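Structural overview for review
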Amino acid sequence: MNADPDGGNEEGLTMTKTERETLLERFQRMKAQEGLVDIKFHLGQVSETTTEAVCGQVNKLLDKVADGKVQMLSKWSDLRRAA
């Protein structure tokens, strides 16, 4: 089975990306276009969640940021952008 550039394959099936793949692509784009250097998440009890669930929540949050549906409450003092 060979995937085509449109996200499908020669059998006509559509390949869906995982939340992790979607987040990775987004971070790669942010690195190239906006100078993203690093991002870390503190997950707390990792036994209570999955990587896919965390990535899904981060994707939802970043979608809301992109849609202008969030309001900045304060800035963290360690926020820096690469030149």
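Please read all numbers here as calculations on a predicted model, not as lab measurements. (Residues numbered from 1 in each chain as written. Predicted model: local features only at pLDDT ≥ 70, side-chain atom pairs only at ≥ 80, totals over all residues. Heavy atoms only, no water.)

Brief notes about the overall build of the chain
When its secondary structure is counted, the chain shows two helices and zero strands. Expressed as a percentage of its 83 residues, the buried residues of the chain come to 16%. The long-range share in the chain, meaning contacts at least 24 apart out of those at least 6 apart in sequence, stands at 49%. (Helix = DSSP H or I, 4+ residues; strand = E, 2+ residues; numbered from the N terminus. Buried < 20%, exposed > 50% of the residue type's maximum accessible area, 1.4 Å probe, protein only. Contact = heavy atoms within 4.5 Å.)

Thoughts on the nonpolar core
One finds Leu23, Phe27, Met30, Val54, Cys55, Val58 and Leu62 forming the largest nonpolar core, which totals seven residues. Where this core is concerned, the elements lending two or more residues are α1 (19–34) and α2 (51–66). Of all the elements, α2 adds the most residues to this core, at four residues. Apart from the residues within four sequence positions on either side, Leu23 is in contact with Cys55, Val58, Asn59 and Leu62. (Core = buried A, V, L, I, M, F, W, Y, C linked by side-chain atoms within 4.5 Å.)

Concerning the environment of Phe27
Looking at where Phe27 falls in the secondary structure, it is placed in helix α1. In contact with Phe27, other than residues within four places in its own chain, are Leu36, Ile39, Phe41, Val58 and Leu62.

Overview of the pattern of salt bridges
Under the criterion given, the structure shown has three salt bridges. Its salt-bridge partner being Lys17, residue Glu25 comes within 2.6 Å of it at the nearest N-O pair. Its salt-bridge partner being Arg26, residue Asp63 comes within 2.5 Å of it at the nearest N-O pair. With Asp63 in helix α2 and Arg26 in helix α1, the pair connects residues that are 37 residues apart, well separated along the chain. (Salt bridge = Lys/Arg side-chain N within 4 Å of Asp/Glu carboxyl O.)

Here's the deal with α1
The terminal C-alpha atoms of α1, which comprises 16 residues, lie 21 Å apart, in line with the 22 Å expected from a rise of 1.5 Å per residue. Every buried residue of α1 is listed here: Leu23, Arg26, Phe27 and Met30. The buried residues of α1 occupy an angular sector of 100 degrees when the element is viewed end-on, so they sit on one face. Summarising the geometry of α1, the exposed residues directed more than 90 degrees from the buried face are Ala32 and Gln33. Of the residues flanking the end of α1, it is Gly35, one or two places downstream, whose phi is positive at about 80 degrees. (Expected span 1.5 Å × (residues − 1). Arc of directions from axis to C-beta.)

Quick notes on the layout of surface pockets
Estimated volume of the second largest pocket: approximately 220 Å³. Contributing to the lining of the second largest pocket are Arg20, Leu23, Leu24, Phe27, Phe41, Leu43, Thr51, Val54, Cys55 and Val58. Looking at the lining of the second largest pocket, the elements that each hand over two or more residues are α1 and α2. (1 Å grid on protein atoms, 1.4 Å probe; cavity = no way out; pocket = protein on both sides within 12 Å on 5 of 7 lines; lining within 4 Å. Points joined across faces, edges and corners; volume = space filled by probe spheres on them.)

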